[in-house]
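Spelled out from the first residue to the last, the chains are:
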Amino acid sequence: MTALEKATGDVVLKFEPFVLHVLCRELRDAQLLHSVAVDSGFRNSGITVGRGGKIIMAVRSTHCLEVPLSHKGKLMVSEEYIEFLIHVANRKMEENM
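Residues numbered from 1 in each chain as written. Predicted model: local features only at pLDDT ≥ 70, side-chain atom pairs only at ≥ 80, totals over all residues. Heavy atoms only, no water.

Asks: Explain the domain arrangement of the chain to me, using residue names and the numbers behind them.
Replies: Domain boundaries assigned for the chain yield domain 1 (1-17 + 63-96) and domain 2 (18-62). Computed from C-alpha coordinates alone, the two centres of domain 1 and domain 2 are separated by 30 Å. Between domain 1 and domain 2, the contact holds five residues from the first and four residues from the second. Between domain 1 and domain 2, a total of about 380 Å² is buried, with carbon and sulfur atoms accounting for 41% of that surface. Contact with domain 2 buries surface across domain 1, with Pro17, His63 and Asn96 losing the most and accounting together for 91% of the total. (Domains from an automatic or database assignment. Contact = heavy atoms within 4.5 Å. Buried area = accessible area lost by both parts, 1.4 Å probe.)

Asks: Can you break down the sheet that holds strand 5 (residues 65-71) residue by residue, with the values?
Replies: Sheet architecture is open: three strands sit in the order 1-5-6, paired in antiparallel fashion. Among the strands making up the open sheet, the edge pair consists of strand 1 (11-15) and strand 6 (74-75). Pairing analysis gives two bridges linking strand 5 to strand 6, with the strands arranged antiparallel. Within strand 6, the position partnered with His71 by the bridge is Lys74. Where helix 3 (residues 79-96) meets the sheet, its contacts fall on strand 1, strand 5 and strand 6, and the angle it forms with strand 5 comes to roughly 155 degrees. (Pairing = 2+ DSSP bridges. Helix = DSSP H or I, 4+ residues; strand = E, 2+ residues; numbered from the N terminus. Axes fitted to C-alpha atoms, helices over the stretch in contact; angles between N-to-C directions.)

Asks: Tell me about the UniProt feature "domain: tRNA wybutosine-synthesizing protein" (unreviewed entry) in the chain, and name the residues and values.
Replies: Residues given the UniProt feature "domain: tRNA wybutosine-synthesizing protein" (unreviewed entry) here are residues 7-96. Along residues 7-96, the helical share is 34% and the strand share 33%, with 29 Å between the first and last C-alpha atoms. (UniProt positions renumbered as here; feature names shortened; annotations may be inferred.)

Encoded structure:
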């Protein structure tokens, strides 16, 4: 709250989930890892094949959170709501682990 009171611009509470990038030798390896990741709940996972043939499998969760708190230095939400958001973000961090 002290930092928010001093803010003169826009403040956003942002939580970004776990991301693991894996370089795979074969496309079938990436496909197998993708299947395991999605079955384990990492629904935002995907495979990227670069121009040089580099195969990257990204394991990503869906536990993101992005909420504006202030605009031009004016607090747009209550302190109670900020406490709620912190609880939600901490829960997401625990799920991330």
